[in-house]
Every structure is written in C-alpha cells, then in structure tokens.
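Each chain, written out:
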Amino acid sequence: MLIAQITDLHVRAVDGPGPLGIQINENVIALVAQLNVLQPRPDLVVATGDLTASGESDQYRRLAEILSSLDLPLYLIPGNHDEPGPFQELLGRFPGLSGDGDLIQIANGDQVLRLIALDSTVPGYHNGALTDARLAWLDMTLNEAPDEPTLVFMHHPPIESCIWWMDCIGLLEGREALAELLERHGQVQAILSGHLHRTILSRIAGVPVIVAPSSCYAVGLDLREKAPPSTSDEPPGFMLHHWDGKRLSSHTLFIQGSWTNHDIRPLMADWEARAKLMDEGQPIPKIHGMVK
C-alpha cells in the first residue's frame, strides 16, 4: 500500500510570486500533476495541514480549484494556518477531519492498514495541543483494533526539532501523555506530521516520527540557540510511505521542475547478469557495478 503525504501548501488566493518570490500556488499545481502520474499509483493522498496561507475563504476556493484536478482519493487535515469555518464550508466535499479525530482504513487483499487523523490545532494560536478529549478518542480508537497496523497523522509533530523558533509553536500540550498512551498500543507503526517545513526523523515512546517537507518554502536549518528565523531555497517536496504488510518505508521526493530521473542500466557492467542475481536475492559482485 502506498500513501502520498503532502503538507504545508500555504495556498494563496491569487497565483504568482508570494512572499520571498516563491511560486506557492504553482508548486501545488505541479505537485498535483506529479501525483497524478506517479507509478505505482498511491492508494491515498493525505494533506497534513496548513492548506492555506491564513485560512481565508478566497484561499480555500483557489485550493479547491487546484485540488479538483487530483485524480486520487484525498484526505485533509487542518493545521495552524487553517480556519475551521471556511475549511469545512469550502473543502467539505473532500474527506477530512472533524471533531477530535477521524479514522479511515485502506485494504489490499487481506492486508488492512488503519490511518488515524488526530487534530492538534488550537483555535487562535499557532502552537499545537493534544487535549484530554483528543487523547481519550485516540485511546478508544486504538483499542478497537489492537492487532491492526496503524499510522497516526497529525499536523504538529510530537517532538522537538531543535529549531528553537519552530519549537515555540510546536506541540506544547499533551506530548508526555501521548508517549504514555503509545506505550500501551504497539500497533502504531509511525506518526506522520508536517508543520516544520523540513524532512525530520525522530521517535516518541519508541514510535518513529516522520515529518514531511513542505511544498512551499523550507525552514532554514540553523540549530544555534536564538538563531534568526530563516527559510531556505531548498527544493519543495512531499513524501511517499510504502507499507508492505510488515514494515513502513518512507521516501522524500522533490516537486518536479528541472528534476529528471535517469535510467542508469546502460551505465552498469553486464546489467542482465546483475538483474538475474537481484531476482534471485543473491549478493552483487563489484564487477557488476557502474562502468568507469
């Protein structure tokens, strides 16, 4: 099973260069086009919040227009830049998060994977919180299927990034309680988040936390204490999460612009022999490596 995760789109009401000259809407348009031609096709696309720049109705209208060309099932989760009213009014035709959380299941043959969306937003604030009600809902939902592998999606990651100004608007409430809850539920394979505008890997209670990059700007990686907040010209991206029934493999992709995949089989010495060994699960001798 293959899940595409997009996050922190920050769509504006009008196209063209946004803050810092970034082509924000154009990146999302290119992202949708790229998702439509991915092979193999994802079973589902999950957008983990900050769908618009500031939660205004005109921004959601433009986002809905862009997303209308996506030829894949789409699931939406709000972030701190979203507003519940316009979010529900203008994106209500897409499955999305309502209340404390939501649940969907995808199946491939006899494989079942549960996806839990958990609301981490705080009305009127940029930081996140997991309230007692949200954690109780999560605990109840996990108790319903203790033996089925589960992924939890939320906007604010339950970790510290060590980028101080982003951690000030991180998950400020409920992190310890979430860790205690996860220790009781071994079926959670990973927590998948956005918000930090970078690919970041960490753990909470032994559970992997995977933060996806933004299709907008990247937050600058500066780990100095009280370093000035910054962004980076790193390419925008998204993630693909592959579940094979036993393990999760996650991959970061760049949104296509000048990026091209090249077939390197002609550059390998005796590709046919190498392919045969790979099909048989055999080690690959160096003589079948790249030609000089």
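Look a little higher up for the structure.
Every chain is numbered independently, its residues counted from 1 as its sequence is written. Residues qualify for local features only when their pLDDT is at least 70, as the model is predicted, and side-chain atom pairs are given and counted only at 80 or more; totals for whole chains, interfaces and linings, by contrast, use all residues. To get the side-chain values, all heavy atoms of the structure are used, and hydrogens and water are removed first.

Q: For the pairing of strand E15 (residues 248-254), give the residues involved together with the corresponding values.
A: Only when DSSP finds a minimum of two bridges between them are two strands counted as paired. Counting from the N terminus, the helices are DSSP H or I runs at least four residues long and the strands are E runs at least two residues long. By the bridge criterion, seven bridges tie strand E14 (residues 237-243) to E15 in an arrangement that is antiparallel. Residue Phe238 lies in a different strand from E15, and its bridge partner there is Leu253. The hairpin turn running from E14 into E15, its antiparallel successor, is four residues long, and Gly245 in that turn takes a positive phi close to 100°.

Q: Tell me about the packing of helix H1 (residues 24-37) against helix H2 (residues 57-67), and please be specific about residues and values.
A: Angles shown run from 0 to 180 degrees and are taken between the N-to-C directions of axes, each axis being a line fitted to C-alpha atoms and, for helices, limited to the stretch in contact. At a closest axis distance of 10 Å, the pairing of H1 and H2 adopts a crossing angle of 25°. By the angle between their directions, the pair H1 and H2 is classed as roughly parallel. Remark: the crossing between H1 and H2 carries right-handed chirality. Contact residues: Asn25, Val28, Ile29 and Val32 in H1; Arg62, Ile66 and Leu67 in H2. Throughout, the ten residues Ala, Val, Leu, Ile, Met, Phe, Trp, Tyr, Cys and Pro are labelled nonpolar, Asp, Glu, Lys and Arg are labelled charged, and all others, Gly among them, are labelled polar. Tallied by class, the residues present in the contact of H1 with H2 amount to five nonpolar, one polar and one charged. Each angle gets one of four labels, with under 35 degrees taken as roughly parallel, over 145 as roughly antiparallel, 65 to 115 as roughly perpendicular, and the rest as oblique. Crossing handedness is defined as follows: a turn of the near helix away from the far one that is anticlockwise and smaller than a right angle gives a left-handed crossing, while the clockwise case is right-handed. It only takes one pair of heavy atoms within 4.5 Å for two residues to be counted as in contact.

Q: Quick one: what's the story with the side chain of Asp50, residue by residue and with numbers?
A: With respect to the helices and strands, Asp50 occurs in the loop between strand E2 (44-48) and H2. Relative accessible area decides the class of each residue, using a 1.4 Å probe on protein chains only: under 20% of the type maximum gives buried, over 50% gives exposed, and in between gives partly exposed. Asp and Glu count as negative and Lys and Arg as positive, but His and the ends of the chain are not part of the count. The salt bridge criterion pairs a side-chain nitrogen of Lys or Arg with a carboxyl oxygen of Asp or Glu, the two atoms within 4 Å. Arg134 is the oppositely charged side chain nearest to the buried, salt-bridge-free Asp50, at an N-O distance of 13 Å. Each residue touching Asp50, except ones within four places of it in the same chain, is listed here: Asp8, Leu9, His10, Pro78, Gly79, Asn80, His81, Asp82 and His155.

Q: Can you break down a nonpolar patch on the surface residue by residue, with the values?
A: Nonpolar side chains collect at one region of the surface, where Ile264, Leu267 and Met290 lie side by side and expose about 260 Å² of accessible area between them. Tracing the backbone through its elements, the reader meets Met290 in the segment after helix H7 (271-279). For Met290, a relative accessible area of 49% gives the class partly exposed. Put simply, a patch holds well-exposed residues, over 30% relative accessible area, that have no salt bridge, with like charges counted together within 9 Å and Val, Leu, Ile, Met, Phe, Trp or Tyr side chains within 5 Å. All accessible areas in this document rest on Shrake-Rupley with a 1.4 Å probe, and a residue is counted as covered only by the protein chains that are shown.

Q: Just give me the short version of the sheet that holds E15, but keep the residues and values in it.
A: Think of a sheet as strands paired side by side through backbone hydrogen bonds, with each pair either parallel or antiparallel. On the basis of which strands lie adjacent, the open sheet formed by five strands has the order E3-E2-E1-E14-E15 and mixed pairing. The open sheet has two free edges, formed respectively by strand E3 (74-77) and E15, since each of these has just one partner strand. When strand polarity is set aside, the average angle formed by the axes of neighbouring strands in this sheet is 20°.

Q: Explain the pattern of salt bridges to me, using residue names and the numbers behind them.
A: Scanning the model with the defined rule gives 14 salt bridges in all. We note a salt bridge from Arg62 to Glu65, for which the minimum N-O separation is 2.9 Å. With Arg62 and Glu65 both in helix H2 and three residues apart, this pair spans about one turn of that helix. Look at Arg62 and you get buried, because its relative accessible area is 17%. Across the salt bridge formed by Glu148 and Arg114, the nearest N and O atoms sit 3.8 Å from each other. Here Glu148 is found in the loop between helix H4 (132-143) and strand E7 (150-153), whereas its partner Arg114 is found in strand E5 (residues 111-118), with 34 residues between them in sequence. Using a relative accessible area of 29% as the deciding quantity, one classes Glu148 as partly exposed. Overall, Arg114 belongs to the buried group, its relative accessible area being 3%. Each of Asp15, Arg62 and Glu65 takes part in a single network of salt bridges with overlapping partners.

Q: Give a detailed account of the packing of aromatic side chains, specifying residues and quantitative values.
A: In this scheme Phe, Tyr and Trp rings, the latter by its six-membered ring, pair at centre separations within 6.5 Å, and the angle between planes marks the pair as stacked below 30 degrees, edge-to-face above 60, and tilted otherwise. In this structure the tally under the stated criterion is one aromatic pair. Here Tyr60 and Phe87 contribute two aromatic rings whose centre-to-centre distance is 6.2 Å and whose plane-to-plane angle is 90°, an arrangement assigned as edge-to-face. Highlighted residues: Tyr60 in helix H2 and Phe87 in helix H3 (residues 84-91), separated in sequence by 27 residues. Given a relative accessible area of 0%, Tyr60 falls into the buried group. Exposure remark for Phe87: the relative accessible area of 4% places this residue in the buried category.

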